[in-house]
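Results of the structural survey
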Amino acid sequence: MNAPLPPSSPAEPAAVTLDAPRGAGRLGAALGLGSGEGVLAGPGASARLWRLVALLPALLFLLTVLSPPLNHDVAAVLNFSMRWLGGQRLYSELIDVNPPLIFIFNLPAAWLASVTPLDGPRALLLQLVLFCGLVWWLSGRLREGVAEGPVEAAVLSALLPLALVMPGYDFGQREVLMGTVAIPYVLLASRRMQGLPTGGWLLLGVAVLAALGFALKPHFLAVPLLVEAAVVTRRGWRRIGVSLADPVPWIMAGVWVLYLASIPVFFPDFFGHVVPLVWDYYVDLGGMSAFGVLLTPNMGAAGVLLVLVSALCVFGRFGPLVLALWAATAGAFVSAAVQHKGWTYHVAPIFMLAGLSMGLIVARWLDGALPPARARLSAPALSAVMAGLLMLGMVRGGEAPFREIGYESDKGGRLTAWLQEHAWNERLLILTPDIWPIYPALNYSNSQSTLRFMNLWLLQGVNQRCPESGERYRETWEMSRAEFFVYRTVAEDFASAPPSAVLVTRHVGIPWCGKEFDFIEYFSRHPLFAEAFRSYHQQGEIEGYKLYVRED
């Protein structure tokens, strides 16, 4: 961790301790960073133009996140929240591994879709953009009264809005929401390190918002743990009394205690029914070893970025905000690693926070390397360059904006168009272990799943080994309680309220045991399911999904 630094003087921003290279002045002149005569610098209109250019990457990513498709996990959670709002009970009739807070977060969008012409995805995107606007505004408030160099100020103004939207396709994911609330939280942590006063309502609002964001998943608590450790270290042990009297960690702890205590009261089935299923069948489903996950492309890239930021923070002194961002980045990395998956949304907050860290480190170095006049004149142009570089760093193959550009012609877009044609505004039984591309295809076709689960992950989890009897399927007396629960409830729900259609996949994700696992064949062994399914005929097939339509 960085050694404690005295608070910066409001009149002069703290300079970094890395020495500027001897050629910095010549390089600045070559790039037009001299006394206002270069193409990258200029007073008045030119500076305003560069500030607008610096915001273009954020605008481009905003257009990207507003374009279909909505992230599949985000769409699935929204679908459950809409069903919950419609009267189904969470964790008894709607069973999922996620704690309740993310479904509560989606309720305003679900309600808005129910009372306005907006569909679910558009209502949620509106809510998410307003949420990002709130975080952006809070971040601006928290920067007031903080000493910033001209380049630092310009870079923060450009990178903060970009960081909120640059996850692209993963926009709205729980990890992205966590990374979003972490931004004003680290700004507040920086103020606390410096001993700067913060208004009571602003402090309370940021602390509560951060606590709720970190409560979305238990893994996320690694972020505030490391940030608070950085705050205590930066203040020094001689001021431990100040740290103990700091209201922020106590407010956050209070929110977490209240939330944890409310779950068994309002959602008794979560701990009693869902958590045991998650522990037994979901945690290791599709996961990797602790070491193997670090070798995945996503976690590998995030690890390299964290090492780079760490090295710079160890050998240079860049101030309290960089220290807080570094701690938050490390916490986000720990949170991603312990989930043993290494998916793009797991590393999204790492890139958000590390991108801000790197931009701030470079900006503070430039503030120290350039003469004050040059720094002021070149700051808008430099912020545009850094925003552009961060944007290019986030444009990766297969992710935003490529998913959005090719959506209509890819598997998800074709399935969406097919369901819009054949199952618009209908109830469907979904027999598949997939989340993508089922979601957001269901959302865009205004269709509603009748399955108690988002997908058949539990059936997939209990069938990772072949039956000991040598048969393809277990008999009911051989099934575990979890498998029998799925077998029974799917059949009974299907027979009691037959949906308009059944969508079933060929790709089951269950090991071969003498022959392929077939969902229709599996559930048809139940007499209620078999009798009800006689009323259905196959309408067609696309991308490995078969659609059966009820004959009325």
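Structural data are supplied above this passage.
Note that this is a predicted model, so its numbers are computed, not measured.

**Examining the sheet that holds strand E3 (residues 501-505)**
- The strand order across the open sheet built from five strands is E2-E1-E3-E5-E4, with neighbouring strands paired in mixed fashion. Strand pairing shows two members of the sheet lacking a second neighbour, strand E2 (448-449) and strand E4 (536-542), which therefore form its edges.
- Bridging between strand E1 (residues 427-431) and E3 involves four bridges; their strand directions are parallel. Across the sheet, residue Ile430 finds its bridge partner in E3, namely Leu503.

**Focus: the pattern of salt bridges**
- With the rule as written, the count across this model stands at 16 salt bridges.
- Here Glu144 ties to Arg141 by a salt bridge, and the two come within 3.8 Å at their closest N and O atoms.
- Note on Arg141: relative accessible area 31%, which makes it partly exposed.
- Here Arg534 and Glu531 are joined by a salt bridge, their closest N and O atoms 2.8 Å apart.
- A residue is classified by how much of its surface remains accessible, and Arg534, at 64% relative accessible area, is exposed.
- Residue classification places Glu531 among the partly exposed residues on the basis of a relative accessible area of 48%.

**Quick word on the packing of aromatic side chains**
- All chains considered together, the criterion is met by 26 aromatic pairs.
- Among the aromatic residues, those joined into a cluster by ring pairs are Tyr473, Phe484, Tyr487, Phe494, Phe517, Phe519, Tyr522, Phe523, Phe529, Phe533, Tyr536 and Tyr548.
- The side chain of Arg403 reaches across the aromatic face of Tyr169, ending 4.1 Å from its centre.

**Observations concerning the nonpolar core**
- If you look at the biggest cluster of nonpolar residues, it comprises 178 residues, and the most contacted ones within it are Leu431, Phe519, Phe523 and Phe529.
- Every residue in contact with Phe519, bar those within four places of it in the chain, is listed here: Leu431, Thr432, Pro433, Leu456, Leu459, Val504, Thr505, Val508 and Ile510.

**Quick word on the state of the cysteines**
- Scanning all chains against the criterion turns up one disulfide.
- For Cys466, the disulfide goes to Cys513, at an S-S distance of 1.9 Å. Across the S-S bond linking Cys466 and Cys513, the dihedral sits near -85 degrees, which makes this disulfide left-handed. Placement of the pair is Cys466 in the loop between helix H20 (457-462) and helix H21 (481-496) and Cys513 in the loop between E3 and helix H22 (519-523), with a sequence separation of 47 residues.
- We classify Cys466 as partly exposed; its relative accessible area is 39%.

**Comments concerning helix H2 (residues 45-66)**
- An ideal rise of 1.5 Å per residue puts 32 Å on 22 residues; H2 measures up with 31 Å between its terminal C-alpha atoms.
- In H2, a bend of some 35 degrees at Leu56 exceeds every other bend along the element, and Pro57, a proline, comes one to four places later.
- In the core, the buried residues of H2 are packed alongside helix H5 (120-143), helix H6 (150-165), helix H16 (372-394) and helix H17 (402-405).

**Quick notes on the layout of surface pockets**
- Reported here for the second largest pocket is a volume of approximately 290 Å³.
- Forming the walls of the second largest pocket are 14 residues, and the residues nearest its centre are Gly355, Met358, Gly359, Leu389 and Leu390.
- Where the lining of the second largest pocket is concerned, the elements lending two or more residues are helix H15 (344-369) and H16.
- Among the elements that line the lining of the second largest pocket, the one with the most residues is H15, at six residues.
- Class assignment for the residues of the lining of the second largest pocket results in eleven nonpolar, three polar and no charged.

**Quick look at the pairing of E1**
- Judged by how many residues are buried, E1 sits mostly within the fold: four of five residues are covered.
- Of the pairings in the sheet, the one linking E1 to E2 comprises two bridges and is parallel in character. Paired with Leu428 across the strands is Ser449, a residue of E2.
- In this region the chain leaves E1, passes through helix H19 (residues 438-444) and returns to the parallel neighbour E2; the handedness of that crossover is right-handed.

**A look at a negative patch on the surface**
- Together, Glu468, Glu471, Glu475 and Glu478 make up a region of like negative charge exposed at the surface.
- The topology assignment puts Glu478 in the loop between H20 and H21.

**Here we look at a nonpolar patch on the surface**
- Together, Leu56, Leu59, Leu60 and Leu63 line one region of the surface with nonpolar side chains, adding up to about 360 Å² of accessible area.
- Looking at Leu56, the relative accessible area reads 42%, which means it is partly exposed.

**Considering the packing of H5 against H6**
- As a packed pair, H5 and H6 sit with axes 10 Å apart at the nearest point and diverge in direction by 155 degrees. In terms of axis orientation, H5 runs roughly antiparallel to H6. In this structure, the crossing between H5 and H6 has a hand that is right-handed. Two secondary-structure elements touch here, H5 through Cys132, Val135, Trp136, Ser139 and Arg143 and H6 through Ala153, Leu156, Ser157, Leu160, Pro161 and Leu164.

**Focus: the pairing of E4**
- With six bridges connecting them, E4 and strand E5 (residues 545-550) associate as antiparallel partners. Each residue of the ladder has a partner; that of Ile542, found in E5, is Tyr545.
- If you look at the hairpin formed by E4 and E5, you'll find two residues sitting between the two strands, and Glu543 has a positive phi there, around 55 degrees.

**Remarks on unusual backbone geometry**
- That bond from Trp436 to Pro437 is cis: its omega, 5 degrees, falls within 30 degrees of zero.
- Along the chain, Pro437 falls in the loop between E1 and H19.
- Of note, Asn425 is a non-glycine position whose phi angle comes to about 60 degrees, a positive value.
- One can find Asn425 in the loop between helix H18 (411-422) and E1.
- The backbone of Glu543 shows a phi angle near 55 degrees, a positive value even though the residue is not glycine.
- Looking at the secondary structure, you find Glu543 in the loop between E4 and E5.
- On the basis of relative accessible area, Glu543 is assigned to the partly exposed category, the value being 27%.

**Some thoughts on the environment of Phe61**
- By the element assignment, Phe61 lies in helix H2.
- Classification of Phe61 as buried rests on a relative accessible area of 4%.
- When sequence neighbours within four positions are dropped, the list of residues in contact with Phe61 reads Leu162, Val165, Met166, Gly168, Met391, Met394, Val395 and Ala400.

What counts and what doesn't
Residues numbered from 1 in each chain as written. Predicted model: local features only at pLDDT ≥ 70, side-chain atom pairs only at ≥ 80, totals over all residues. Heavy atoms only, no water. Pairing = 2+ DSSP bridges. Helix = DSSP H or I, 4+ residues; strand = E, 2+ residues; numbered from the N terminus. Salt bridge = Lys/Arg side-chain N within 4 Å of Asp/Glu carboxyl O. Buried < 20%, exposed > 50% of the residue type's maximum accessible area, 1.4 Å probe, protein only. Phe/Tyr/Trp six-rings, centres within 6.5 Å; stacked < 30°, edge-to-face > 60°. Lys NZ or Arg CZ within 6 Å of the ring centre and 35° of its normal. Core = buried A, V, L, I, M, F, W, Y, C linked by side-chain atoms within 4.5 Å. Contact = heavy atoms within 4.5 Å. Disulfide = S-S within 2.5 Å. Expected span 1.5 Å × (residues − 1). Bend = angle between axes of the 7 residues up to and from the residue. 1 Å grid on protein atoms, 1.4 Å probe; cavity = no way out; pocket = protein on both sides within 12 Å on 5 of 7 lines; lining within 4 Å. Points joined across faces, edges and corners; volume = space filled by probe spheres on them. Nonpolar A, V, L, I, M, F, W, Y, C, P; charged D, E, K, R; others polar. Right-handed = clockwise from strand over helix to strand, strands pointing away. Patch = residues over 30% accessible without salt bridge, like charges linked within 9 Å, V, L, I, M, F, W, Y side chains within 5 Å. Areas by Shrake-Rupley, 256 points an atom, 1.4 Å probe, with all protein chains shown as cover. Lys, Arg positive; Asp, Glu negative; His and termini not counted. Charge placed at Lys NZ, Arg CZ, Asp CG, Glu CD. Axes fitted to C-alpha atoms, helices over the stretch in contact; angles between N-to-C directions. Parallel < 35°, antiparallel > 145°, perpendicular 65-115°, else oblique. Left-handed = near helix turned anticlockwise from the far one by under 90°.

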